[in-house]
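In case you want the letters, here they are:
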Amino acid sequence: MSKALTAPEGVTWKSRWTFILAATGSAVGLGNIWKFPYITGEYGGGAFVLTYLACILMIGIPVMIAEVMIGRAGRSNPADAMSRLAKESKRSSYWGLVGVAGVLSGLMIMMFYSVVAGWALDYVAQSASGAYSDLDAEQIESNFGQLLASNGQQLLWHSVFCLLTASVVAAGVTKGIGKAVDILMPMLFVCLLLLVGYSAINGDFAAGLHFMFDTDFSRLNGEAILVAMGHAFFTLSLGMGAIMAYGAYFPGHSSIGKTVLTIAALDTVIALLAGMAMFPLVFANDLVPGQGPGLMFVTLPIAFSNMSGGLFFGTLFFTLVSIAALSSSISLIEPGVAWLERHGFNRPLATFGLAGTAWLGGIASIHYEAVFNALDYLTANVMLPLGGLLIAIFVGWQMPAPRVLDETGIVSSRVFSAWRFLLRYIAPLGIIAVFLHSLGLLTW
Ligand code: PFF
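Just so you know, the residues in each chain are numbered from 1, in the order the chain's sequence is written. The predicted nature of this model means local features are confined to residues of pLDDT at least 70 and side-chain atom pairs, given and counted, to a pLDDT of 80 or more, with totals for whole chains, interfaces and linings taken over all residues. As a convention, hydrogens and water are excluded, and side-chain values are obtained from all of the structure's heavy atoms.

Here, proximity means that at least one heavy atom of the residue falls within 4 Å of the molecule or strand. Contacts to the ligand come from 16 residues, most closely from Ala 27, Gly 31, Tyr 113, Phe 234 and Met 240. Leu 30 is positioned with one of its backbone polar atoms (N or O) 3.0 Å from an oxygen atom of the ligand. Polar contact is defined as a pair of N or O atoms within 3.5 Å, subject to the rule that within protein one atom must be able to donate a hydrogen and the other to accept it, and that residues adjacent in sequence are counted only when both atoms are side-chain atoms. Within the backbone of Gly 31, one N or O atom sits 2.7 Å away from an oxygen atom of the ligand. About the coverage of the ligand: the protein hides 100% of its 340 Å² of free accessible area. Note on conventions: DSSP H or I runs of at least 4 residues are helices, E runs of at least 2 residues are strands, and numbering of each starts at the N terminus. Put simply, the parts of the chain that give the shell around the ligand at least two residues each are α1 (16–27), α2 (30–42), α5 (96–128), α10 (222–235) and α14 (310–342). Note on residue categories: nonpolar means Ala, Val, Leu, Ile, Met, Phe, Trp, Tyr, Cys or Pro, charged means Asp, Glu, Lys or Arg, and polar means any other residue, Gly included. Taken together, the residues of the shell around the ligand break down into eight nonpolar, eight polar and no charged. In short, Shrake-Rupley with a 1.4 Å probe defines the accessible areas, and a residue's cover is counted only from the protein chains shown.

Here you go:
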């Protein structure tokens, strides 16, 4: 029965590999290069990294398999895919509301994501013009402060980024984006490796590695665990239907398990490499790793300003960060666009309507730091885990097991049972426990 369903309007990715690249493009973004290093810095290093890795393995990967499965089985946008599968399983079609909430989460993420992506674009221009190549560490720090103080400059780049995102989405994701990520993701990877090499030679690599991998659990409080779990969702683009929306275009009926493992592994390796590129430089320059969102925009320019070829590498690095952000932001509004399209809007109108809404929200983020912080905190730490919880319950408890087995295409019955166990018990209980713990209602 599942094989008879075609993707929305018959669109599918060219191959399974294109899906992997598109989903990796969604997963790898500012979360890996900007957010992961600075929250690791804020929450104390190794124990945080370990908690985050555990969340990826025990919760993130199982939920991602569930999302791809729902998208491919439902062959529609997240809201319609979920209500279709719910009806088919004789459950309430209100399950579709999880997809609708996802559209809202995507918009809310875009409202601060595009602002940070705008900073990266600004840094492309600054690097290319050599603006920070002769500055010392302190001047570079205040240079970033100046950008944050200039609402006009932030608005300019934020607008450019929203426009870029909207143009790609309006043209359709399956065509251009596959080819783009095919070239750009390996470039990002190579560039990060070069930076890790630079960092190993010029930075305090040992201190950086100690910071990332020494585990001092006494520093791990409820909030840190919540943030680690929230980040696992954020970095894998889970809990809001982005991966589901892409799953709707998944070609054929091959197993989802290995595909998802590849995506999660690439995402995790890139986050760890980003940390390894930055922390040795932080320590070598006597900077503090817990300084917050400015980490990438302060430490890397410091490194580049000391580096021969820094002008070139700096420009290249921030270009690639911008592109990584773009391949993620596309997936932030795609679920909403696909949903509106299904309900009678044409694609360009739906795209510009949603991107315009995110653009307005972004202006609020630029003007009020509290709005920026609230959107970031609420989406990553509440809405995405909650979305993931409902998705896990839906696939784990509401859909009949034989149907789920057929749709995931997982051949080994042991792997299937292990995955289903994680999805039915570990993921929901883990998410609930972390929520309760962070509210102070559960201690351990
Ligand atoms: N995964 C992206 C990142 O790490 O930057 C952010 C993101 C994209 C979150 C798409 C959620 C999403 F649906």
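Our focus in this paragraph is the side chain of Ser 365. Mapped onto the secondary structure, Ser 365 falls in helix α15 (residues 347–367). Residues in contact with Ser 365, not counting those within four places in the same chain, are Met 111, Phe 112, Val 115, Val 371, Phe 372 and Leu 375. Any pair of residues with heavy atoms lying within 4.5 Å of one another is described as a contacting pair.

Interaxial angle, 0 to 180 degrees, is taken between N-to-C directions of lines fitted to C-alpha atoms, where a helix line uses only the stretch in contact. Viewed as axis vectors pointing N to C, α2 and helix α13 (residues 295–306) meet at an angle of 100°, and their least axial separation amounts to 9 Å. Our classification of the angle between α2 and α13 gives roughly perpendicular. Counted together, Ile 33, Trp 34, Pro 37 and Tyr 38 of α2 and Leu 295, Met 296 and Phe 297 of α13 form the full contact between these two elements. We call two directions roughly parallel when the angle between them is under 35 degrees, roughly antiparallel when it is over 145, roughly perpendicular when it lies between 65 and 115, and oblique otherwise.

Right, let's get into unusual backbone geometry. Positioned with a positive phi, Arg 75 is a non-glycine residue whose angle comes to about 45°. As for its placement among the helices and strands, Arg 75 is situated in the loop between α3 (46–74) and α4 (78–88). Its identity is not glycine, yet Ser 237 carries a phi of approximately 55°, on the positive side. Along the chain, Ser 237 turns up in the loop between α10 and α11 (242–247).

Right, let's talk about the pattern of salt bridges for a bit. Within this document, salt bridges are pairs made up of a side-chain nitrogen of Lys or Arg and a carboxyl oxygen of Asp or Glu, the two lying within 4 Å of each other. Summed over the entire model, instances satisfying the criterion amount to six salt bridges. Among the ionic pairs, Lys 35 bridges to Asp 376, the shortest N-O distance being 2.8 Å. Of the two residues, Lys 35 is situated in helix α2 and Asp 376 in helix α16 (residues 369–398); the sequence distance between them amounts to 341 residues. This pair shows no difference in class: Lys 35 is buried, exactly as Asp 376 is. Glu 334 is the partner of Arg 347 in a salt bridge, and the nearest nitrogen-oxygen pair spans 2.5 Å. Linking Arg 347 in helix α15 with Glu 334 in helix α14, this pair joins segments that are 13 residues apart in sequence. Considered together, Arg 347 and Glu 334 belong to a single accessibility category, that of buried residues. Via salt bridges that share partners, Glu 88, Arg 403 and Glu 407 belong to a single interconnected network. Think of it in three bands: residues with accessible area under 20% of the maximum for their type are buried, residues over 50% are exposed, and the middle band is partly exposed, with areas taken using a 1.4 Å probe on protein chains only.

Within the largest apolar cluster, 151 residues are counted, with the highest numbers of intra-cluster contacts made by Met 296, Phe 297, Phe 317 and Val 395. Val 395 has contacts with Ala 66, Met 69, Ile 70, Val 404, Trp 419 and Leu 423, leaving out every residue within four places of it along the chain. We call a set of buried Ala, Val, Leu, Ile, Met, Phe, Trp, Tyr and Cys residues a nonpolar core when their side-chain atoms join them within 4.5 Å.

Looking now at the packing of aromatic side chains. The criterion for an aromatic pair is that two Phe, Tyr or Trp rings (for Trp, the six-membered ring) have centres within 6.5 Å, with stacked assigned to planes under 30 degrees apart, edge-to-face to planes over 60 apart and tilted to the rest. In total, this model carries 24 aromatic pairs according to the counting rule given. For the pair Trp 13 and Tyr 249, a centre-to-centre distance of 5.7 Å together with 85° between the ring planes defines the contact as edge-to-face. With a gap of 236 residues between them, Trp 13 in the segment before α1 and Tyr 249 in the loop between α11 and α12 (257–284) connect regions that are remote in the sequence. Pair check on accessibility: Trp 13 and Tyr 249 agree, each one buried. Here the aromatic rings of Trp 397 and Tyr 425 are separated by 5.5 Å at their centres, their planes lie at 85°, and the arrangement is edge-to-face. In this pair, Trp 397 sits in helix α16 while Tyr 425 sits in helix α18 (residues 413–438), placing the two residues 28 residues apart along the sequence. Taken together through their ring pairs, the aromatic side chains of Phe 112, Tyr 113, Trp 119, Tyr 123, Phe 144, Phe 234, Phe 297, Phe 317, Phe 318 and Phe 372 make up a single cluster. Whether a charge sits over a ring comes down to the Lys NZ or Arg CZ being within 6 Å of the ring centre and within 35 degrees of the ring normal. The ring of Trp 397 has Arg 424 lying over it, and the distance from NZ or CZ to the ring centre is 3.8 Å.

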